[in-house]
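Next come the chains, spelled out residue by residue.
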Amino acid sequence: MSIDLMAVALRPTHAFGTPPATGRLRVSPEDFVVTERLGFEPDGGTAHVLLEVDKRDANTMWVARELARHAGVRPDDAGFAGLKDRRAVARQWFSVPATRPAAEWVGVAGEGYVVRAAHPHSRKLRRGALAGNGFAIVVRELTGEAPAIEARIAQVVETGVPNYFGPQRFGREGSNVTRVAAWLETGELPRDRDQRGFVYSAARSLAFNQVLSARVAAGSWNRLLPGEVVNLDGSGSVFQAELIDATLEA
């Protein structure tokens with residue numbers, strides 16, 4: 001079966017039909033404000049420093065490399081919990097080995113970033129080690145009728161929304177999709193570790209979108225099916241549910 005990878009990435013199946021409104025996102029970086037929440041406090045350890053960084057129109061990987069350079073360590077020694085949009089204003093956490101006192105980091109700055117706070121910590125910050133992100137998003141040149149938009153919002157509140165990976169995961173004009181297709185065809189990956197990571201990430205996201213799109217088309221995307229892996233709300237318990245009962249549905 002031939003799969004249109006670009007369609008999977010950029011044109012997945014809609015759950016509720018065509019959008020009732022259109023608009024422009026991120027006309028300026030200030031239109032997309034992200035605040036990262038770690039979910040834990042710095043522990044005062046001596047091995048690393050946690051840095052709270054404000055960045056504007058700056059790539060996370062580039063900022064991490066800059067911070068590693070200021071620390072006098074390898075780029076891989078700098079840690080962060082997740083990639084943030086470049087075309088945005090973001091408050092994000094990084095870590096670096098404690099090659100200098102935490103207080104000396106406050107005010108360290110470069111093109112598009114500044115360190116606003118620094119705290120001693122015992123461990124490198126790992127990917128995924130965050131509680132979540134807060135967003136403030138401005139939509140410009142909005143078109144659409146208010147009643148239709150309000151009705152769609154109410155529908156989403158009631159039933160949820162299929163949380164596809166969006167275009168940013170797949171690069172400008174789908175460039176990462178092209179790289180995944182080349183990998184599948186040739187079996188060759190980029191030599192650079194970070195670039196390999198982008199290809200792996202795009203491939204995983206394509207697989208997720210393809211499965212979710214099929215579920216949306218089948219009308220089963222927001223309900224449990226027998227044999228699926230579930231995560232109980234509030235408990236962290238993860239298991240395979242062979243039978244779906246009222247308790248799991250609730």
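Before any of the text, the structure's been laid out above.
Attention in this report is confined to the structure presented alongside it. What you see as residue numbers is a count from 1 along each chain, following the sequence as written. Per-residue local features of the predicted model are confined to residues with pLDDT of at least 70, and side-chain atom pairs are confined, for both listing and counting, to 80 or more; whole-chain, interface and lining totals are unaffected and use all residues. Based on all heavy atoms of the structure, the side-chain values leave hydrogens and waters out of the count.

Some remarks on the overall build of the chain
As a reminder of what qualifies: Helix numbers and strand numbers start at the N terminus; a helix is a DSSP run of H or I with at least 4 residues, a strand a run of E with at least 2. Each residue gets one of three labels from its accessible area relative to the maximum for its type: buried under 20%, exposed over 50%, partly exposed in between, using a 1.4 Å probe on protein chains only. A contact between two residues is defined here by any heavy atoms of the two lying within 4.5 Å. Charged-residue counts in this description rest on Lys and Arg as positive and Asp and Glu as negative, His and the chain ends being excluded. Each charge is placed at NZ for Lys, CZ for Arg, CG for Asp and CD for Glu.
Helix and strand counts for the chain stand at 6 helices and 11 strands. Its C-alpha atoms give the chain principal-axis dimensions of about 55 × 45 × 45 Å. For the chain, the proportion of its 250 residues judged to be buried stands at 31%. Considering only contacts within the chain whose residues lie at least 6 apart along the sequence, 75% involve residues at least 24 apart. Measuring between centres, the 30 positive side-chain charges of the chain sit 5 Å from its 29 negative side-chain charges.

Points about the packing of aromatic side chains
Heads up, the condition is: Between 30 and 60 degrees the pair is tilted, below 30 it is stacked and above 60 it is edge-to-face, where a pair is any two Phe, Tyr or Trp rings, Trp via its six-membered ring, whose centres lie within 6.5 Å.
Under the counting rule described, the total for this entry stands at 6 aromatic pairs. For the ring pair phenylalanine 165 and phenylalanine 208, a centre distance of 5.4 Å and an interplane angle of 80° mean the geometry is edge-to-face. Of this pair, phenylalanine 165 sits in the loop between helix 3 (146-159) and helix 4 (175-186) while phenylalanine 208 sits in helix 5 (residues 193-218), and the two are 43 residues apart along the sequence. We classify phenylalanine 208 as partly exposed; its relative accessible area is 41%. Measuring from centroid to centroid gives 5.5 Å for tryptophan 183 and tyrosine 200, while their planes differ by 75°, and the two rings are edge-to-face. Residue tryptophan 183 is located in helix 4, and its partner tyrosine 200 is located in helix 5; the two are separated by 17 residues in the primary sequence.

A short note on a nonpolar patch on the surface
Our working definition: Exposure above 30% relative accessible area and the lack of any salt bridge qualify a residue for a patch; like charges then connect within 9 Å, and the nonpolar side chains Val, Leu, Ile, Met, Phe, Trp and Tyr within 5 Å. Only the protein chains shown count as cover for residues, and all accessible areas are computed by the Shrake-Rupley method using a 1.4 Å probe. The term salt bridge refers to a pairing of a side-chain nitrogen on Lys or Arg with a carboxyl oxygen on Asp or Glu at a separation within 4 Å.
Together, Leu25, Phe135, Ile137, Val139 and Leu142 line one region of the surface with nonpolar side chains, adding up to about 490 Å² of accessible area. Listing elements by their share of the nonpolar patch, those giving two or more residues are strand 8 (132-137) and strand 9 (139-143). Along the chain, valine 139 turns up in strand 9.

Re the environment of phenylalanine 170
Mapping phenylalanine 170 onto the fold places it in the loop between helix 3 and helix 4. A C-alpha to C-alpha distance of 8.7 Å links phenylalanine 170 and leucine 206, two positions 36 residues apart in sequence. Excluding residues that lie within four positions of it along the chain, phenylalanine 170 makes contacts with Ala9, Phe165, Ser175, Asn176, Val177, Ala202, Ser205, Leu206 and Asn209.

Examining the packing of helix 4 against helix 5
Stated precisely, the cut-off is as follows: For helices, the fitted axis covers only the stretch in contact; all axes are lines through C-alpha atoms, and the angles between them, taken along N-to-C directions, range from 0 to 180 degrees. An angle below 35 degrees is treated as roughly parallel, one above 145 as roughly antiparallel, one from 65 to 115 as roughly perpendicular, and anything else as oblique. Following the grouping adopted for this structure description, the nonpolar residues are Ala, Val, Leu, Ile, Met, Phe, Trp, Tyr, Cys and Pro, the charged ones are Asp, Glu, Lys and Arg, and the polar ones are all others, Gly among them.
Direction vectors running N to C along helix 4 and helix 5 enclose 90°, while the axes themselves pass 9 Å from each other. One way to sum up the angle between helix 4 and helix 5 is to call them roughly perpendicular. Where helix 4 approaches helix 5, its residues Asn176, Val177, Arg179, Val180 and Trp183 are matched on the opposing element by Gln195, Phe198, Val199, Tyr200, Ala202, Ala203 and Leu206. In the contact of helix 4 with helix 5, the residues fall into 9 nonpolar, 2 polar and 1 charged.

Digging into unusual backbone geometry
Most peptide bonds take the trans configuration, and most residues that are not glycine carry a negative phi. One non-glycine residue, arginine 26, lies in positive phi territory at about 55°. Summarising the element assignment, arginine 26 is placed in the loop between strand 1 (22-25) and strand 2 (32-37). Even without a glycine there, the phi angle at glutamate 141 is positive, about 55°. Tracing the backbone shows glutamate 141 in strand 9.

Details of the pairing of strand 5 (residues 89-97)
Sheet faces and side chains relate simply in a regular strand, where the side chains alternate between the two faces. How we decide: DSSP calls a pair of strands paired once it identifies at least 2 bridges connecting them.
With 7 of 9 residues buried, strand 5 lies mostly within the body of the structure. Note: strand 2 against strand 5, 3 bridges, orientation parallel. Bridge assignment links threonine 35 to a residue of strand 5, and that residue is arginine 91. In the sheet, strand 3 (residues 48-56) pairs with strand 5 via 9 bridges, with the strands oriented antiparallel. By the bridge assignment for strand 5, glutamate 52 is matched with tryptophan 93.

Section: helix 5
For the record, the criterion: Every helix has an expected span of 1.5 Å times one less than the residues it contains. For this analysis, a polar contact is any N or O atom pair within 3.5 Å, provided that within protein one partner can donate a hydrogen and the other can accept it, and provided that sequence-adjacent residues contribute only side-chain to side-chain pairs.
For helix 5, with 26 residues, the first-to-last C-alpha span of 38 Å sits near the 38 Å given by 1.5 Å per residue. For helix 5, the set of buried residues is Val199, Ser201, Ala202, Ala203, Ser205, Leu206, Asn209, Leu212, Ser213, Arg215 and Val216. A distance of 3.1 Å separates the backbone nitrogen of aspartate 194 from a side-chain oxygen at the start of helix 5, and that oxygen is part of aspartate 192. A positive phi of about 75° marks glycine 219, the residue just after helix 5.

Considering the nonpolar core
This is how it is decided: Nine residue types can take part in a nonpolar core, namely buried Ala, Val, Leu, Ile, Met, Phe, Trp, Tyr and Cys, and a core is a set of them joined through side-chain atoms within 4.5 Å.
Within the largest apolar cluster, 21 residues are counted, with the highest numbers of intra-cluster contacts made by Leu51, Val53, Leu67, Val96 and Trp105. Counting residues per element, the ones that place at least two in this core are strand 3, helix 2 (60-71), strand 5 and strand 7 (113-121). The biggest single contributor to this core is helix 2, with 6 residues. Val8, Phe170, Ala202 and Ala203 belong to the second-largest nonpolar core, a separate cluster that totals 9 residues.

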